[in-house]
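Chain and residue survey
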Amino acid sequence: MRSSIRSAVGLVAAAALGAGMMLAGTAAGNGNGNGLGGQPATASQIYLDEITDYGVCRGLDPACYNEWGNGWVEGEQKRILIWSRTAGPRHAHLGTPLAPGLNPPLNADNVAQAGLKAWAEERGIAADYTEDLASFSRLNNYQAVVFLSSNRDTLDDTAQTNLMQYVRGGGGFVGIHNAFGAEYHWEYYEGLLGGANFYNHGPNRDGTVETINDRDVSTSFLPETWAFKDEWYNLTPYPSFVNVLLEVDRATSEATVAGHGESHPVSWCQYYDGGKAWLTTLGHDAAAWTAAPLPGDEFFKRHVMEGLESAMGIKPFCAA
């Protein structure tokens, strides 16, 4: 059943204080993204529900964004960094691990990196790419950093600090597919993903995507429902205080035991600790990144690229 939920009111600010927590604003509204999976949220309910505040300003309030120089401004070269380092099982769409350094030669099977790079260049966006921790630096040169199925302990301590400082400076973060299977032991990153993490999935299979919020630039062109093929990630924790953009329909979700039923998000966005985060669990099938036919692939491509441009600051971000 297509959800009637369109968005959630964001968590304005939160901070950990000693053993307790104080909320600088409460979340209101119903349904997906409010931290309770369909129930109204108050400060006391949030904490009883074990939703973590991550000690940062997060949610849908633009006051959580810091205009400190990492977003795109008119006249500036548009540039992104694609990060696809894996420290665990590697998705086929990533192909052979990349050689060290920045922008090493791509192999024929590095289809997701090559596809995203080409999509960006079609829009006048320069795209660097790497899987080398030594090259995960100078992030302020980019308006967005894209975690493209980079998984498990993909960052070391220095790289974690670099990402955190970049986000706080107003940087854009885009997480795609198995970016949700990364940094399980770093709570800051879980918060960056919308307070969510990958739990499990069923086999790659056909499904029906539902457009929940058609006001955002990454969804305004989409039909109410559209066919796509993916693994349809189940999430624990469930995303909280985010603007849900897309869901998968109940029938597809409930094909696996841990599915979320009629409220199963697959794309969302939020402000987080000074930055912008645009997120999608979609993108498993290698055909989604190539010219091979796949139902819904053009919708997926535009969804990703419009979301990327909004995180960069080129287009309006995360319209609720």
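Just so we're clear, the structure is a prediction, and the values are computed from it rather than from any experiment.

1. Notes on the side chain of His284
- Within the secondary structure, His284 sits in the loop between β14 (275-280) and α6 (297-312).
- Reaching out from His284, the side chain makes a polar contact with the side chain of Glu231 at a distance of 3.1 Å.
- Setting aside residues up to four positions removed in sequence, His284 forms contacts with His91, His93, His177, Asn204, Asp230 and Glu231.

2. Some details on the packing of aromatic side chains
- Tallied over the entire structure, the rule returns 18 aromatic pairs.
- Centre to centre, the rings of Phe136 and Phe147 are 6.0 Å apart; their planes meet at 75 degrees, and the pair counts as edge-to-face. Highlighted residues: Phe136 in the loop between β5 (126-130) and β6 (144-148) and Phe147 in strand β6, separated in sequence by 11 residues.
- Measuring from ring centre to ring centre gives 6.0 Å for Phe173 and Tyr189, while their planes differ by 90 degrees; the resulting arrangement is edge-to-face.

3. So, the state of the cysteines
- For the structure shown, the criterion picks out two disulfides.
- What pairs with Cys57 in a disulfide is Cys64, and their sulfur atoms sit 2.0 Å apart. A torsion of -70 degrees about the S-S bond marks the disulfide between Cys57 and Cys64 as left-handed.
- Relative accessible area serves as the criterion here: at 2%, Cys64 is assigned to the buried category.
- At a sulfur-sulfur separation of 2.1 Å, the disulfide partner of Cys269 is Cys318. Its S-S torsion of about 95 degrees marks the bond between Cys269 and Cys318 as right-handed, since a negative value means left-handed. With Cys269 in strand β13 (residues 264-272) and Cys318 in the segment after α6, the pair connects residues that are 49 residues apart, well separated along the chain. A single burial state applies to Cys269 and to Cys318, both of which are buried.

4. Focus: helix α2 (residues 111-122)
- Taking 1.5 Å of rise per residue, the 12 residues of α2 would be expected to cover 16 Å, and the 16 Å separating its terminal C-alpha atoms lies within 8% of that figure.
- Within the span of α2, buried status applies to Val111, Ala112, Gln113, Gly115, Leu116, Trp119 and Ala120.
- Those residues of α2 that are buried are in contact with β4 (79-83), β5, β6 and α6.
- Phi turns positive one or two residues past the end of α2, at Gly124, with a value near 75 degrees.

5. Brief notes about the environment of Arg302
- For Arg302, the position within the fold is in helix α6.
- Once the C-alpha coordinates of Arg302 and Leu222 are considered, the two residues, 80 residues apart in sequence, prove to be 9.3 Å apart.
- For Arg302, the contacting residues outside a window of four places in its chain are Arg123 and Phe221.

6. What about α6?
- When the terminal C-alpha atoms of α6 are compared, their 23 Å separation across 16 residues agrees well with the 22 Å that a helix rising 1.5 Å per residue should span.
- For α6, the tally of buried residues reaches 13 of 16 residues, placing the bulk of the element in the interior.
- Among the residues trailing α6, Gly313 stands out with phi positive, at a value near 100 degrees.

7. Comments concerning unusual backbone geometry
- Cis geometry marks the peptide bond from Thr236 to Pro237; its omega dihedral reads 0 degrees.
- Note on placement: Pro237 falls in the loop between β11 (234-235) and β12 (243-248).
- Positive phi is not limited to glycine here, since Asn103 has a value of about 60 degrees.
- Mapped onto the elements, Asn103 comes out in the loop between β4 and α2.
- Overall, Asn103 belongs to the partly exposed group, its relative accessible area being 32%.
- Even without being a glycine, Phe241 presents a positive backbone phi close to 55 degrees.

Conventions we followed
Residues numbered from 1 in each chain as written. Predicted model: local features only at pLDDT ≥ 70, side-chain atom pairs only at ≥ 80, totals over all residues. Heavy atoms only, no water. Helix = DSSP H or I, 4+ residues; strand = E, 2+ residues; numbered from the N terminus. Polar contact = N/O pair within 3.5 Å; in protein donor to acceptor, adjacent residues only side chain to side chain. Contact = heavy atoms within 4.5 Å. Phe/Tyr/Trp six-rings, centres within 6.5 Å; stacked < 30°, edge-to-face > 60°. Disulfide = S-S within 2.5 Å. Buried < 20%, exposed > 50% of the residue type's maximum accessible area, 1.4 Å probe, protein only. Expected span 1.5 Å × (residues − 1).

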